[in-house]
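Breakdown of the fold
The residues making up each chain are set out below.
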Amino acid sequence: CERQDGRPYRQRLLVVANRLPVSAVRRGEDSWSLEISAGGLVTALLGVKDFEARWIGWAGVNVPDEIGQTALIKALADKRCIPVFLDEEIVHQYYNGYCNNILWPLFHYLGLPQEDGLATTRSFQSQFAAYKKANQMFADVVNKHYEEGDVVWCHDYHLMYLPQCLKEYNSKMKVGWFLHTPFPSSEIHRMLPSRSELLRSVLAADLAGFHTYDYARHFVSACTRILGLEGTPEGVEDQGRLTRVAAFPIGIDSDRFIRALELPQVQEHINELKERFAGRKVMLGVDRLDMIKGIPQKILAFEKFLEENPNWRDKVVLLQIAVPTRTDVPEYQRLTSQVHEIVGRINGRFGTLTAVPIHHLDRSLDFHALCALYAVTDVALVTSLRDGMNLVSYEFVACQDSKKGVLILSEFAGAAQSLGAGAILVNPWNITEVAASIGQALNMSANEREKRHHHNFVHVTTHTAQEWAETFVSELNDTVVEAQLRTSK
Ligand code: ADQ
């Protein structure tokens, strides 16, 4: 196989993630239309030049019939994607249940799910069984497509059981696993009934990667405290076998954002927004509508700011763009109503006949509209209660080289460790502190803004998504070579 420049690829890379980077819509018995959903991971992997990447994952649809499955496999092959077919019951128990109802909240320090007002894991056994079964189904597909020398890169909390399944198929497979969420303190992880099984399975990988050093350290502590294994500076050792554990902070394709700002349609959009909000400072929030993003807390802090600073009431506007997510889950439906209720109340309280202080949109914006919004923003508010990294803060910085706006950033986002020196760091639970930081950001001198922006801009443009992916894969290759050398001694 050759790259566009004619040189051969160094290696094949099998990327395994819960979802494929395409959405499939059935158009007929044997026809499908596909739409690429360009998330951070897709962008990162597109930039990995030396590897021929293939993607293995669930297509997000139930395809019970063979004709439909065969047609979808064929359609996806053109995009170098290979589907894993999961039926509705498995999706319900594995994805909605174990992944999103148990692991997601627990890893973000939101505890275990509530049933009848009690934190319990009553349906835990069946959900964990489905989780293992789904992971085994992913492993079956990987194994079918695996060729000697391939690198297999498993992603996220959906696939913690996968490294073990893969190594059971072939102990020589090069397997890496990367977690996109925080890995919580071992005191939180130990609440999980399947705590040991999950840790052991991740340890079957050759390399386990996390966004920050803290998450990596929490993982090693969980292995030492819960499994009684030995933690070393390189990772975790079990009977002479080392699993390398390290931090690989993700980044964005910053050039893509910077280039987009030059496009005429983006410039046009920027001008429209400037006109629309002339005379007012623009504050921006862009989040998936998820509990972890701290959207109600952010809006309440903005209300407090308006309450305490009447002189700013007609001079500032908050644009909150929130993409609905997991809309069939009751907790998420409650969150949506709660946000609407708070926004309505504040707009009723501080709005006038011609202007409201908060514009809240429940939807996704296209890439160009998003870039234009980032570019006209004076203050970005990222107040996640917990967040693995948070790429919105990176995207904002990439689009701010002319405006040099201020980033208010939660200290509980992984990004606080990389952008902390340029941002105003806040505790999102402390609404008084966030309200005060809004005042600080709006009143900051141009010199100070320039200095802070410069720090963050250099980081965002040098620690890119491509660099992240390349570093992870080469570390995985090195780890395997070192392990072979150790065992041959
Ligand atoms: P997410 O929780 O999805 O990712 P984040 O890192 O901020 O969070 O990425 C969100 C992406 O979606 C960004 O690229 C952003 O532009 C886009 N997006 C969000 N709201 C949008 C909107 N309304 N319209 C259009 N686009 C929107 C998970 C983890 C993070 C981790 C990433 C990557 O939860 O902590 O940073 O994976 O590892």
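Note that the coordinates shown come from a computational prediction; the quantities given were computed from them, not determined experimentally. All residue numbers here refer to positions counted from 1 along the written sequence of the relevant chain. Residue-level local features of this predicted model are given only where pLDDT is at least 70; pairs of side-chain atoms are given and counted only at 80 or more, and the full residue set underlies all totals for whole chains, interfaces and linings.

With that settled, consider the overall build of the protein chain. Helix and strand definitions follow DSSP, with helices as H or I runs of at least four residues and strands as E runs of at least two, each counted in order from the N terminus. A count of helical and extended segments in the protein chain gives 18 helices and 19 strands. With respect to the three principal axes, the spread of C-alpha positions in the protein chain is 70 × 55 × 50 Å. Remark: C-beta atoms are placed from the backbone, and a residue is labelled buried if 20 or more other C-beta atoms sit within 10 Å of its own, exposed if 12 or fewer do, or partly exposed between those counts. Put simply, the protein chain has 489 residues, and 44% of those count as buried. What counts as a contact here is a pair of residues whose C-beta atoms, placed from the backbone, lie within 7 Å. Expressed as a percentage of contacts within the protein chain between residues at least 6 apart in sequence, the contacts between residues at least 24 apart total 77%.

Here we come to the site of the ligand. Throughout this description, a residue near a molecule or strand is one whose C-beta atom, derived from the backbone, lies within 6 Å of it. Residues in contact with the ligand amount to 19 residues; listed here are only the nearest, His-180, Ser-364, Gly-388, Met-389 and Leu-391. Of all the secondary structure elements, the ones that give two or more residues to the shell around the ligand are strand S14 (281-288), strand S15 (316-323) and helix H14 (391-398). Of the residues that constitute the shell around the ligand, the class distribution is 9 nonpolar, 6 polar and 4 charged. Nonpolar residues are Ala, Val, Leu, Ile, Met, Phe, Trp, Tyr, Cys and Pro. Charged residues are Asp, Glu, Lys and Arg, and all others, Gly as well, are polar.

Counting 143 residues, the largest nonpolar core has Val-16, Val-152, Trp-153, Phe-219, Leu-407 and Ile-408 as the members making the most contacts within it. In terms of residue count, helix H3 (residues 88-107) provides more of this core than any other element does, 8 residues in total. Once residues within four sequence positions are removed from consideration, Val-152 is found in contact with Leu-14, Val-16, Val-142, Tyr-146, Leu-166, Met-173, Lys-174 and Val-175. Buried Ala, Val, Leu, Ile, Met, Phe, Trp, Tyr and Cys residues whose C-beta atoms connect them within 7 Å together make up a nonpolar core.

On to the pairing of strand S8 (residues 151-155). Within S8, 5 of the 5 residues are buried, which leaves it mostly tucked inside the rest of the structure. Along S8, one buried face is formed by Val-151, Trp-153 and His-155 and the opposite face, lined by Val-152 and Cys-154, is buried too. The criterion for strand pairing is that DSSP finds at least two bridges linking the strands in question. Examined bridge by bridge, S8 and strand S9 (residues 174-178) share 5 bridges and lie parallel to one another. Bridge pairing in S9 links Val-152 to Val-175.

A word on H3. The first and last C-alpha atoms of H3 sit only 25 Å apart over 20 residues, clearly below the 28 Å expected at 1.5 Å per residue. Given a residue, its bend is the angle between the two axes fitted to the seven residues that end at it and to the seven that start from it. Where H3 bends most, at Cys-99, the angle is about 35°. Buried within H3 we find Gln-93, Tyr-94, Tyr-95, Gly-97, Tyr-98, Cys-99, Asn-101, Ile-102, Leu-103, Leu-106 and Phe-107. Contacts from the buried residues of H3 go to helix H4 (124-145) and helix H6 (186-189). Just past H3, the residue Tyr-109 takes up positive phi, approximately 65°. Working rule for helices: expected span equals 1.5 Å times residues minus one.

Now for the environment of Leu-381. Structurally, the position occupied by Leu-381 is in strand S17 (residues 379-382). The exposure class assigned to Leu-381 is buried, which follows from the 33 C-beta atoms found within 10 Å. Each C-alpha atom, one on Leu-381 and one on Val-426, is 10.0 Å from the other, the two residues being 45 residues apart in sequence. The residues touching Leu-381, leaving out its near neighbours within four places in the chain, are Met-283, Leu-284, Gly-285, Lys-298 and Ile-408.

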